[in-house]
Amino acid sequence: MKDKSLYSEEFDDLYSSKQGALQESEYVFLKGNNLEERFRELKYVNFHIGEIGFGVGLNFLSICKAWLEQTQNNQILEFTSFDKYLFKSKDFKKQIQLIPELINYGLEFEKFYPHNILGTQRISLFEGRVLLNLVIGDIAVTKEYLSSLKQVDAWFLDGFSPTKNPDLWTRDLFHAISETCTSDSTFATYTSSGSVKKNLIDSGFAVEKVKGFSNKRHMLRGKSRSKKIYIPSNEKKVAIIGAGITGCTLAYVLSKRGMKVDLFEKSESICTGASSHNLLVTYPRLSAHDTPFGRFSIQSYLYAINFYENLKTKAWKKTGVLMLSHDEASKKREESLLKKRSDGKIYQYVSAKKASEISGISMRYDGLYFKDAGYILPRDMCEFLVDVPNVEVSVSSVVENISKENGKFNVTINDNTFEYSDVCLCTGSETNKLISLEGFNIKRGQVTHIKSENSISNVKVPICAKGYISPEINGIHVVGSSYSNLIHTEIEDVEHASNLENLKIIYDEDVFVDSGKVGIRAVSKDHVPIVGKYNDLYINTCHGSKASVTSPISAEIIASTIVNGSLPLDKRELESLSPERFN
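## Things to note about the overall build of the protein
Then, number 1: Helices and strands together make up the secondary structure of the protein, namely 16 helices and 30 strands.
Then, number 2: Since a compact globule built from 583 residues should have a radius of gyration of about 25 Å, the 25 Å found for the protein is in line with a globular shape.
Then, number 3: Charged side chains of the protein number 72 positive and 72 negative; the gap between the two group centres comes to 5 Å.

Here you go:
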């Protein structure tokens, strides 16, 4: 702090004007981009704002306020912001408490406050009305993300002073920003620096110098000279093949982006096959290393729990999940994860005694506790996700042919042909019946249902070790899961025996088998989902046993690509998911 204003020691500069942070934000960025009028007159579902300099999030919350007040419930704001660092949540709380007009909006942001993770984080807020894409890291690295942005409607240039932080005001950066614009895109900034003005003009902007805020003489605002025409998403109609958890999640996300969706399922009901288990445990398999897999694992988990919380549905059970350190490998993983992140915000170490208190049964091992994890009820979740406007579900619908002509797809189902702008395959283990994919494989997974009797009935949270056990559901606990090359769906006693043997690490007392269930999973050669475009089709498969974790962010990848929106992951992670990676 300096003179009661937020201050950066690194850049020797204030985060906002001494004359009133909110007033400056509204004057420079809201008024400078004429956003209130543009919001009121908006004819499209999506509006996208880009920002250099997130700071404490003041501009973001100010815009959330205006957006929610001025627009319709079916319209979505995307806000993509870059910053080198992230404020600690406690510092954010202190600052927002000083601005009464933003306190309620700050409370919503506080619930889903970003984690201090390098790269891109997508956070859904206000029941999906606002999507924040926060890109953390040095701009020399993170500016690569700009190449994935196609249709940004307005830019906020709010870095520290050009003399204190020149890297945020270069011609190269402005050129990359210009490439994200359409002919209707605007920008605004508090500075009137001559070098900034020249760099903006040289990068493709028409620039105007106007009266600055309070005692600042001038500021800059302007418009892109791009020839690109804005393409609205609500003119698109999409076919999704496959109505498991992956397909239903994608249908929901596309609907929220204003698209009309036909969801086809070959079975007699939705949520069959590998999605049809009693529950799906939602927790990540994390890595302490900053690899594409490691970054995808943590980002997909964080977005999944944010996505489910926003749904406000009883199909999501936020119970927390225990992961026990029961052998040399799991203990080594625990040590490396705690060394990587010891703040306890995503996971925390718990002793065997504490694990016993959390789980409801006696534990012999310590481990990690994921307090925000839980499980979904897949049938209920799928029914909830497709019960939205613009989604039409057709069951007993067998795809006979998919072709493309004159930029449109023709999909033949039950001897009837339908036309679509895009087609998405969410067909799990049957994907290779429709398209040949390198690196695609299938594995059988059998779970065991044990009776909820004796002390096992006290289990309160999913507990994971070599296998896992769930809390009680419909009088049974789910124990899983096998992983074999068999391809039939009959119950195998040997796989029940294997599941029960693994259960002994968690619970070494007699249990009684009630029944079981088999699913055939799609898996990739490198155990990472296959998500992206391939032969003009969108592919969304190979989620294995982690579909409840990876489906939400995968749906965002596809939806964002279709609407030319901002992507929820960086280029490196997207390439690690690409269907092309095995070719």
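## Looking at the side chain of Ser 325
Then, number 1: The topology assignment puts Ser 325 in the loop between strand S15 (321-324) and helix H11 (328-340).
Then, number 2: A distance of 2.4 Å separates a polar atom in the side chain of Ser 325 from a polar atom in the side chain of Glu 334.
Then, number 3: Those residues within four positions of Ser 325 in sequence are excluded, and the remaining contacts are Ser 330, Lys 331, Glu 334, Tyr 365, Asp 366 and Gly 367.

## A few points about the pattern of salt bridges
Then, number 1: Taken as a whole, this structure holds 28 salt bridges when the rule is applied.
Then, number 2: Lys 266 serves as the salt-bridge partner of Glu 430, at 3.0 Å between the closest nitrogen and oxygen. Of the two residues, Glu 430 is situated in the loop between strand S23 (422-425) and strand S24 (440-451) and Lys 266 in the loop between strand S12 (260-264) and strand S13 (280-282); the sequence distance between them amounts to 164 residues.
Then, number 3: Under the relative-accessibility criterion, Lys 266 is labelled partly exposed at 48%.
Then, number 4: Salt bridges linked by common partners bring Asp 290, Arg 295, Asp 570, Arg 572 and Glu 573 together as one network.

## Examining the packing of aromatic side chains
Then, number 1: Across all of its chains, the model carries 27 aromatic pairs by this definition.
Then, number 2: Ring centres of Trp 169 and Phe 174 lie 6.4 Å apart, and the angle between their planes is 85°; on these two criteria the pair is classed as edge-to-face.
Then, number 3: For Trp 169, a relative accessible area of 3% corresponds to the buried category.
Then, number 4: Every member of this aromatic cluster is reached through a ring pair, and the members are Phe 29, Phe 54, Phe 60, Phe 79, Phe 92, Phe 109, Tyr 113 and Phe 156.
Then, number 5: The lysine or arginine in question, Lys 546, covers the ring of Tyr 283, its NZ or CZ lying 3.4 Å from the ring centre.

## Regarding the environment of His 543
Then, number 1: Summarising the element assignment, His 543 is placed in the loop between strand S30 (537-541) and helix H15 (547-562).
Then, number 2: Separated by 14 residues in sequence, His 543 and Pro 529 have C-alpha atoms that sit 4.9 Å apart.
Then, number 3: The residues touching His 543, leaving out its near neighbours within four places in the chain, are Thr 246, Ala 522, Pro 529, Val 531, Thr 550, Ser 551 and Ser 554.
Then, number 4: Among the polar contacts made by the side chain of His 543, one reaches the side chain of Thr 550 at a distance of 2.6 Å.

## So, the nonpolar core
Then, number 1: If you look at the biggest cluster of nonpolar residues, it comprises 77 residues, and the most contacted ones within it are Ile 240, Leu 254 and Met 381.
Then, number 2: No other element matches helix H10 (residues 292-311), which puts 10 residues into this core.
Then, number 3: Once residues within four sequence positions are removed from consideration, Ile 240 is found in contact with Gly 247, Leu 250, Ala 251, Leu 254, Val 261, Asp 262, Leu 263, Phe 264, Cys 424 and Cys 426.
Then, number 4: Ranked by size, the runner-up nonpolar core spans 66 residues in total, among them Ala 66, Leu 86, Phe 109 and Ile 136.

## Considerations on the sheet that holds strand S21 (residues 408-413)
Then, number 1: Spatially, three strands are ordered S20-S21-S22 in an open sheet, and the strand pairing comes out antiparallel. Edge positions in the open sheet fall to strand S20 (399-405) and strand S22 (416-420), since each of these has one partner strand only. When the angles between neighbouring strand axes are averaged without regard to direction, this sheet yields 20°.
Then, number 2: As judged from the six bridges shared by S20 and S21, these two strands associate in the antiparallel manner. If you follow Ser 403 over to S21, its bridge partner there is Asn 410.

## Some remarks on helix H14 (residues 493-503)
Structurally, the α-helix is built with 3.6 residues per turn, so residues lying three or four positions apart point the same way.
Then, number 1: When H14 is considered as a whole, its buried residues turn out to be Glu 495, His 496, Asn 499, Asn 502 and Leu 503. With its buried residues spanning 125° around the axis, H14 presents them on a single face. Among the exposed residues of H14, those pointing more than 90 degrees away from its buried face are Asp 493 and Val 494.
Then, number 2: Turning to H14, the residues buried within the fold contact S24, strand S26 (468-469), strand S27 (476-480) and strand S28 (513-524).

## A few points about unusual backbone geometry
Then, number 1: Following Gly 480, the chain continues to Ser 481 via a peptide bond in cis, the omega torsion being -15°.
Then, number 2: Topologically, Ser 481 is positioned in the loop between S27 and H14.
Then, number 3: Look at Asn 34: it is not a glycine, yet its phi comes out positive at around 55°.
Then, number 4: Structurally, Asn 34 can be placed in the loop between helix H1 (21-31) and helix H2 (35-40).
Then, number 5: With relative accessibility at 37%, the residue Asn 34 sits in the partly exposed group.
Then, number 6: A positive phi angle, near 55°, is found at Ser 214, a position not held by glycine.
Then, number 7: Along the chain, the position of Ser 214 falls in the loop between strand S9 (205-211) and strand S10 (218-224).

## Some details on the sheet that holds strand S25 (residues 463-464)
Then, number 1: The mixed open sheet is built from eight strands, whose spatial order is S16-S17-S15-S25-S26-S27-S24-S28. Edge positions in the open sheet fall to strand S16 (348-350) and S28, since each of these has one partner strand only.
Then, number 2: Both S25 and S26 contribute to a ladder of two bridges, which runs antiparallel. In the strand pairing of S26, Ile 463 is matched with Ile 469.

So, how was this worked out
Residues numbered from 1 in each chain as written. Predicted model: local features only at pLDDT ≥ 70, side-chain atom pairs only at ≥ 80, totals over all residues. Heavy atoms only, no water. Helix = DSSP H or I, 4+ residues; strand = E, 2+ residues; numbered from the N terminus. Rg over C-alpha atoms; globule rule 2.2 N^0.38 Å. Lys, Arg positive; Asp, Glu negative; His and termini not counted. Charge placed at Lys NZ, Arg CZ, Asp CG, Glu CD. Polar contact = N/O pair within 3.5 Å; in protein donor to acceptor, adjacent residues only side chain to side chain. Contact = heavy atoms within 4.5 Å. Salt bridge = Lys/Arg side-chain N within 4 Å of Asp/Glu carboxyl O. Buried < 20%, exposed > 50% of the residue type's maximum accessible area, 1.4 Å probe, protein only. Phe/Tyr/Trp six-rings, centres within 6.5 Å; stacked < 30°, edge-to-face > 60°. Lys NZ or Arg CZ within 6 Å of the ring centre and 35° of its normal. Core = buried A, V, L, I, M, F, W, Y, C linked by side-chain atoms within 4.5 Å. Pairing = 2+ DSSP bridges. Axes fitted to C-alpha atoms, helices over the stretch in contact; angles between N-to-C directions. Arc of directions from axis to C-beta.

Distances and angles like these do not, on their own, reveal function.
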